[in-house]
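# What the coordinates show
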Amino acid sequence: MYLADAGYRLTLVDRSPAPGTAQWWTYGCTHGGDDARMFTFTEMDGYNNTDFHGGVPTWFRRPVTDCGWLAREPWSLTPQEHAWIQAFESVPSWLARAYTADVFALSAEAGREWSALRARLPHLFEDVVLTDGILRVYTDPDHLRAATARHRSIGALLGEVTPADIARDHPALARAAGAGALAGGVLVPGFTLNVHRFTERLVAHLVDRGARFHWRTPVTGVRRDAHGALVGFDCAVPVPEHAHVIASPGVAGAALLRGTPCEGRVHGVLGGWMRVDNRDPALRTSLKVARRGHVTEDANITVARDGDGRSVLIVGSGYGYIGTSDSPDERQLAAIRAGIANTISQLFPGSAAPAPSSRTHDNYAFKYCVRPWTATSLGLYHVEPRQMGRTAPHQGGLFIVTGGHNTGGFAQSPAIGRAVLASVCGTSHPMHTLYHPERHPAPAARFAPLSLSSPA
Ligand SMILES: Cc1cc2nc3c(=O)[nH]c(=O)nc-3n(C[C@H](O)[C@H](O)[C@H](O)COP(=O)(O)OP(=O)(O)OC[C@H]3O[C@@H](n4cnc5c(N)ncnc54)[C@H](O)[C@@H]3O)c2cc1C
């Protein structure tokens, strides 16, 4: 959208079917997941150990069933996946704190951009169940204290609430608060929306501006010459030599990333989705729920509408590392599903699954999508020139790769748009260096394969 607004002619190719026309498993993360996303200043986060006194984080090695994040059989992990996990574990706490601060700075930029977009293009945000302000609730008092301090330190704290405040101001949570399930919460700035309704509007907006979309159109390879220079793309839609090419392929980008320093850095961490009726007393504020020590420790609960306009709550939660594979272990997936169901029953006792809607995509018991994740928790931003002309080679357009934004790809997207626009205009943007793929050494090059036990 930033490129279209700046006057660039856009052609978009996506290997998935047009949104809303096929089953969820045929899509990437944004459209394969449910119709809900949240912006908060900590949405994309650092997941490495940031505690000076903390030990090596082991959650990528422990199965989900043991409150870890591993959703594969340990024996099935490849040497590259072991190396990626070790790279994750090896980020020292001081560096992880610096990386997290950079991620948050880019989210702050994205926050300003989201506000500007809402003012400049209000039609994009109409009828998308835009809901302002997020209530974060915690089950553990120590976790609540730490989270309150964290949000205060980055200027993202609107207020603190006790269980009694929660029961009074949010009757939908009164039973949970009354039963002692919540230690309290904080109100933070942010918003949620129905992301599929939003992207529908965004696609229409771009088509109005002359953009052409080609669905079910994979880019199957990147062609390089003997020196590694990028000379072309394998795609049914011709790519002119002088065109800039921006690749944002989520977790499925191996073919596009080959030969770039992003290769091997993006692994998959799935999260699950379920829906419940938003009955009287209905929840009006979207939630972030933190259940320390629980199998699905973090959940986003978004106030939403189904295809027939009925109010529902969409719950997205759980972390399941699947690395470079596309299929999780069924037992671990079942544990995530059970964890989400348990969160729902704790917060909304007696709630029911919604009645089927006339929009088939609303109707599922449980589904998941896979977040693109890096070992450093930093996103990736790579730029290289394309080469044109066989006899007298000279520089064509740019090839730009973005991705790996873990839990905040939606939240950070306007900052990513700004960074891409800066590259094609020849100006600088902090993302170009902060998310440079070689800011941290390549996991595969640096680490030998590991045994399955935790490192000393
Ligand atoms: C449970 C859950 C809850 C979440 N909640 C939030 C939230 O509240 N806020 C937030 O900001 N983020 C959230 N996220 C994360 C967010 O959904 C992701 O960060 C984001 O969707 C990633 O977007 P993407 O464009 O990078 O990848 P994708 O959405 O996967 O898009 C990549 C696209 O590239 C296409 N593609 C791939 N390879 C090729 C190829 N070779 N040729 C052509 N096309 C190709 C795919 O078809 C796909 O359409 C959540 C994730 C989960 C799992």
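Residues numbered from 1 in each chain as written. Predicted model: local features only at pLDDT ≥ 70, side-chain atom pairs only at ≥ 80, totals over all residues. Heavy atoms only, no water.

Moving on, we come to the pattern of salt bridges. Evaluation of the coordinates by the stated rule reveals 24 salt bridges. Between Asp 308 and Arg 310 there is a salt bridge; the shortest N-O distance is 3.7 Å. With relative accessibility at 39%, the residue Asp 308 sits in the partly exposed group. A network of salt bridges, in which partner residues are shared, links Asp 34, Arg 275, Arg 359 and Asp 362. (Salt bridge = Lys/Arg side-chain N within 4 Å of Asp/Glu carboxyl O. Buried < 20%, exposed > 50% of the residue type's maximum accessible area, 1.4 Å probe, protein only.)

Let's shift gears to the pairing of strand β16 (residues 394-403). Counting buried residues along β16, eight of its 10 residues qualify, which places the element largely inside the surrounding structure. Direction of pairing for strand β9 (residues 245-247) relative to β16: parallel, over a ladder of three bridges. Note on β16: the bridge partner recorded for Val 245 is Phe 399. (Helix = DSSP H or I, 4+ residues; strand = E, 2+ residues; numbered from the N terminus. Pairing = 2+ DSSP bridges.)

Before going further, it helps to examine the site of the ligand. Around the ligand sit 32 residues in total, of which Asp 14, Ser 16, Thr 30, Met 38 and Ala 411 are the nearest. Between the ligand and Val 219, the relevant distance is 2.9 Å, taken from a nitrogen atom to a main-chain nitrogen or oxygen of the residue. Backbone polar atom of Phe 410 to an oxygen atom of the ligand: 3.0 Å apart, as the coordinates give it. When the ligand is considered free in solution it has 1000 Å² of accessible area, and contact with the protein chains removes 90% of it. Considered class by class, the residues forming the shell around the ligand number 12 nonpolar, 15 polar and five charged. (Near = heavy atom within 4 Å. Polar contact = N/O pair within 3.5 Å; in protein donor to acceptor, adjacent residues only side chain to side chain. Areas by Shrake-Rupley, 256 points an atom, 1.4 Å probe, with all protein chains shown as cover. Nonpolar A, V, L, I, M, F, W, Y, C, P; charged D, E, K, R; others polar.)

Okay, the side chain of Gln 332 next. Mapped onto the secondary structure, Gln 332 falls in helix α10 (residues 330-347). Engagement of the side chain of Gln 332 in a polar contact is seen with the backbone nitrogen of Thr 65, the distance being 3.0 Å. Residues contacting Gln 332, with those up to four places away along its chain left out, are Pro 63, Val 64, Thr 65, Leu 70, Ala 71 and Arg 72. (Contact = heavy atoms within 4.5 Å.)

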